[in-house]
Amino acid sequence: MDQPIIIPEPRTMEFHGYTSLKEDHEIVIIVENEPVLRMIEIAVTQLEKWIRSNWRGEVTRDRKNRSSQAEQGKTYYLHIVQLEDEGENYSIDIDTEAARIVGGPKGILHGVQTLIQLLAYRTTGTATIEIPLISIEDRPDIPVRGLFVECFWGSDLMELQDWQAMIDEMVEFKLNMLTIGVYGGWFPRHPLESQSPPDFLYVPILDQVEQLPRTRIRYFDPESKQMSSLSYLPVIYEQDLLGSIIEYAVERGIQVAPLFNGPGHSLLLPKLYPELAAVDSRNQSIGIGLTLTHPDTFPLLKRINQTIIDTYLKPYGQKWFHIGMDEVTLWSHADLINHTPKQLLYMYLVEIGGHLIDNGIEKVIIWHDCAEHLGHFDEEFEQLLESHGLAGKLVIHWWKYGEPEIGIRPVQGAETWVAPSTGFTPGTCAQDYLDNIDMMVNDGKQSSLQGVVSYMLYSPTLRRNTAYLSEKSWNTDAKADQFELRYARTLVQDHQEEWAAGMRKMRQIFGGDSPTSMLLLELSVFFGDSNPELAYPARLINSMRAVRGTRRAYDAIVTVLEKVLRLFEWGEPARGREAELAVSRLYCKQIIALIRTFVCVTHSIQKFERIRKGPPEHRAQLYQIKSSLEKALWELDSMFMEMKQQLPHYLVPSGLREYTFLREALLKHLREIEGILQNDSIMNGTEELPSPSMPGIC
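Residues numbered from 1 in each chain as written. Predicted model: local features only at pLDDT ≥ 70, side-chain atom pairs only at ≥ 80, totals over all residues. Heavy atoms only, no water.

A. A look at the pattern of salt bridges. Taken as a whole, this structure holds 42 salt bridges when the rule is applied. The residue E23 makes a salt bridge to R56 at a minimum N-O spacing of 2.9 Å. Here R56 lies in the loop between α1 (38–54) and β3 (58–61) and E23 lies in the loop between β1 (12–22) and β2 (26–32), a separation of 33 residues in the sequence. Assessed through its relative accessible area of 39%, E23 is described here as partly exposed. (Salt bridge = Lys/Arg side-chain N within 4 Å of Asp/Glu carboxyl O. Helix = DSSP H or I, 4+ residues; strand = E, 2+ residues; numbered from the N terminus. Buried < 20%, exposed > 50% of the residue type's maximum accessible area, 1.4 Å probe, protein only.)

Here you go:
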C-alpha cells in the first residue's frame, strides 16, 4: 500500500490505508477552544483554502461544534484542538469519520502542514479527495531551524510577495528561524561593473537617504536581443519592507533576526563616513572597515543598531540579532598601533554585543571564523563572555560549505548553531548541498547543537536543498542518500526511480564546492578578476589550451548531464510541481550550453591561429569557424531565454549578467571573423591575417 511521504518525516507514524471523499460529501473544520490565536487562524485558513482549491465538495467552518446537525455519513470532520503549549510537538489521528490535530499554536501550525501534505499525496483530481488513515506523533530534534538570506544581487530585487512566498515555503517545511542580511559588502567581482560594487544596505538608517548608491547591472536580454541596463535601489530598502516581512513571518511562527555585519564585510560605511574609515600606514582609506578606536565609530554603529531594534524588532517582539564578525582580513593601521587583531575583535564583541543586550536583545549571534583571531574560543574568551554579561546570550554560528568537517566544539557560555548552505548561486547554476547539510549537522551534534540555519540566496529553484535542511534538522539521523527517492516521490507521480537517479547524478556535478561545481562557477564571472591580463574568459581559454584534462573534465560533465536529461524526460509532475521539473531540466541544459559555447570559442581561436600560420588557401576554413560560432551563439541565446522564463524575476538580471561576458567574447570573435571574410585582400593572401583581439589570450 502506498504510504504517503511527509517532509520532514514524522517521528512516529502508523498508516492503515485510505478513505475517499466524493464531491457530494461535506468537510467541516471545527476549531475547538476559544479564543483562536492568530497563528492558528492563519493555519486553518490555509488548510481550508487548500481543500477548496483541490476538491469540489463543500467545505465549512464550525466553531460551535454543531456536528449533530450534519447529515450522517456524508460529513467528515477536521478537529483543530489547541493546547496551552509553546512547544512544536503535535499529534494527528485520522479515521474514516474525522481527523484530529492536537498541539499548541506552533504544533497546530506544523500539524496543518503535515495534513496538507497527506491530503496532497494522492489527491490528483477535484472530484475525490484521498484521506490517509493515519496516526502521527511528532516533534523536532533541533529547536532552531531556518534560513539565512544574504544581502546580495538577487535578494535586492525581491518584492514583498517574494519574501512572503519564501516564508510560506519555510512554513511548509516547518522551519522557524529567518535571518536577513541587512548590511554587508564584498570587493568588486566584475571588471566591467566598477561603478556598481557589491555594497548592500537593506534598511533606511542613513543620515541622508540620497547617499545610498544605486546598483547598476548590465546584461544581455534575450527577449529584446540587446544589452539592457538596470539601475535601482534594493526593493526592500526603497519600500522599507523589513517590518512587513518580519510581521508576516512572526504571525507564522518564525523568529526573525537581522544581520548588520562588521567589522569585516563593510565597504559602504567607510565611503559614507570617510573620517571613520580604516586606514593604511599613510592614513589613506583601505576601502573596507572602520577605525574602531575613533571616538565616533562605536556611537555610529550603536545608533544604527538602536534604530533597527526600535523600528523593526521591538514592534514585533523580536529579540535576536546577528552581528557577523566573519572574514576580517584587513585592519586599520590606526587601530593596530596599540591593539592586536584579537583585542580589536574582543572590543567589537563587547561594545556591540553589550549594547544589544542592554537594549533587550536576548541572542547575539556571531560567525565562528572570528575564532581564527580570537584564539579559537579559548578559556580567555569564555571568561570574556562571563565578565561582560554575554554568557548564555551568545550564539556561535559555525559555517562551512565543503569537506572536511570543522570539528565543532562546545564553548562555555555560548550556544551552538551550524550553517550549511542551501545554495548561493541560484541564478548562475544549480547547487546541491545535501552532503554539506549532512556533514554540518552531524558535526554539530557532538556539541549540543541548538540551531541549523543555512546560508543562502533564496530561490524556489533550490527547493530540494531546503527540503533536506528541513529533514535533517527535524530528524538529525536522516541521511542524504536515503532522501533522494523520498523526495522524487513527492515530485512526480511516476518514473520516480528515474528522477531519483537523475538527482543523484546531479549531486555528482553540482555538489557543494566540489571540484566540478567550482569549475562550473568559473564559467560565470562569479569569481571575476578586474586584472585585464587575467580577463574573463581569456584565463579559462588559456587554461583549457594548456591543460588537456580541463577539456576532458568539461566533456565528462556534459556526458553526465545528458544522461540526467534522459532520466528527466519522463514523469508526470505532482500537482503544483511543474515548475520544479522544468527548472531541473533547465539547470542541466544551461551548463551543457555554456560548456559547448566555451569549448567552441576556445577551439575557434586555436583553429584561427593554425590558419593564420598556414598558407592563404587555408583561410577558406574561416567559414567553418563562422558557422560553428553562429550555432554556439544561437544555443547560448536560447539558454538565456529559458533562464529568463524559468528563474524567479529577481534572479534574472544578475543571472544573465554572469554569462553576458562570455556571450560578448563569442560575439566579438564572430564579428572579427565576419569582417575578415568580407576583406578580399586578407582572404586572397595580399594582407596578413591579424591575431585575435581578445585580451589576455596567450
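B. Layout of α1. Here α1 spans 24 Å end to end across 17 residues, near enough to the 24 Å set by a 1.5 Å rise per residue. Residues of α1 that are buried include every one of M39, I40, E41, I42, A43, V44, L47, E48, W50, I51 and N54, and no others. In this structure, the buried side of α1 is in contact with β2, β3, β4 (75–82), α2 (105–122), β7 (128–138) and α5 (242–250). (Expected span 1.5 Å × (residues − 1). Contact = heavy atoms within 4.5 Å.)

C. Region of the structure containing the environment of L268. Along the polypeptide, L268 turns up in helix α6 (residues 268–272). We classify L268 as buried; its relative accessible area is 2%. In contact with L268, not counting residues within four places along its chain, are Y183, D199, L201, L212 and P213.

D. Spotlight on the environment of N283. Tracing the chain through its elements places N283 in the loop between β14 (277–279) and β15 (285–290). Spatially, the C-alpha atom of N283 lies 43 Å from that of Q255, the residues being 28 residues apart in sequence.

E. Region of the structure containing the sheet that holds strand β6 (residues 98–103). Across the sheet, seven strands lie side by side as β1-β7-β5-β6-β4-β2-β3; this open sheet has mixed pairing. With one partner strand each, in any of the chains shown, β1 and β3 form the two edges of the open sheet. Ignoring which end each strand starts from, the neighbouring axes of this sheet average 20° apart. Bridge count between β4 and β6: six bridges; the pairing is parallel. Residue L78 lies in a different strand from β6, and its bridge partner there is A99. (Pairing = 2+ DSSP bridges. Axes fitted to C-alpha atoms, helices over the stretch in contact; angles between N-to-C directions.)

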